[in-house]
Amino acid sequence: MAAQADQPVTLSPARTAAAADLVDIRTLVPDMAEDIKYAGSDNFVGTQIDGYLAPKCLLKRPVAEALARVEHELRARHMRLKIWDCYRPARAVAHFVRWGHDLGDQRTKAVHYPRLDKSVLLGDYIAPVSGHSRGGTMDLTLQRCDGLGRHCQPLDMGTPFDYFDVRAHTDAPDVTPAQHANRLLLREAMEREGFKNYTLEWWHYTWASEPTPHTIYDVPVE
């Protein structure tokens, strides 16, 4: 979730999704499975996150097109993606950082960081600049469906989303062989369209050819 940019970034003056060339993935895949966690309270902060005014997956246009290709290829194999987060406004990242500094708020510890002290989350897990704010990164999982492409169920990946722990590392040694195989199945599908995994989080992917790699945005998700 955190992955800082490799070099300094600039904040775009764009004030709308259109001005930032951010498009809703559902304009390309109308029935894309989504559960946009930060638009509600089912997340590691425990509340709706600043900047998420609607449960939508916005991405830079070529990134959305690449993700749509992944989805269509998977559907031919009776699988589908399920998206938890895409573009993330800079104000949302600031919300995460404020939460990280509030060591008294431990409401989500049992679910999201049971084996870590909250004081260590700022850094590898929560960074002040997120690749998500560039519009080229998403968090997602893989589902297996029946022969008609219905009744899809998420594959067992060994941890939930936003689980702050070494077990969430894509190649973590302490998950089962089946769980690791599921993570690799997702990675292989994403890599075929040029997406790269952030190795500390099995769910986190960035398009290698993202169009504005050194620009972040703060337009709301709406």
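Parameters at a glance
Residues numbered from 1 in each chain as written. Predicted model: local features only at pLDDT ≥ 70, side-chain atom pairs only at ≥ 80, totals over all residues. Heavy atoms only, no water. Buried < 20%, exposed > 50% of the residue type's maximum accessible area, 1.4 Å probe, protein only. Helix = DSSP H or I, 4+ residues; strand = E, 2+ residues; numbered from the N terminus. Pairing = 2+ DSSP bridges. Disulfide = S-S within 2.5 Å.

A. Examining the pairing of strand β5 (residues 79-85) more closely. Of all 7 residues that make up β5, 6 are buried, and the element is covered over most of its length. Alignment of strand β3 (residues 33-34) against β5, held across 2 bridges, turns out to be parallel. Looking at the pairing, Glu-34 lines up with Ile-83 of β5. Where β5 meets strand β6 (residues 137-144), 6 bridges bridge the pair, whose relative direction is antiparallel. Its bridge partner lying in β6, Ile-83 is registered against Leu-140.

B. Inspection of the state of the cysteines at higher detail. Per the stated rule, a full pass over the model turns up 2 disulfides. Each sulfur in the disulfide pair Cys-57 and Cys-86 lies 2.0 Å from the other. A torsion of -90 degrees about the S-S bond marks the disulfide between Cys-57 and Cys-86 as left-handed. Taken as a pair, Cys-57 in the loop between β3 and β4 (58-60) and Cys-86 in the loop between β5 and α2 (90-101) lie far apart in primary sequence, 29 residues in all. The class for Cys-57 is buried, based on a relative accessible area of 0%. Between the sulfur of Cys-145 and that of Cys-152 lies a disulfide, 2.0 Å long from S to S. Linking Cys-145 and Cys-152, the disulfide has an S-S dihedral of approximately 105 degrees and is accordingly described as right-handed. Taken in N- to C-terminal order, the disulfide-linked cysteines of the protein chain are connected 1-2, 3-4.

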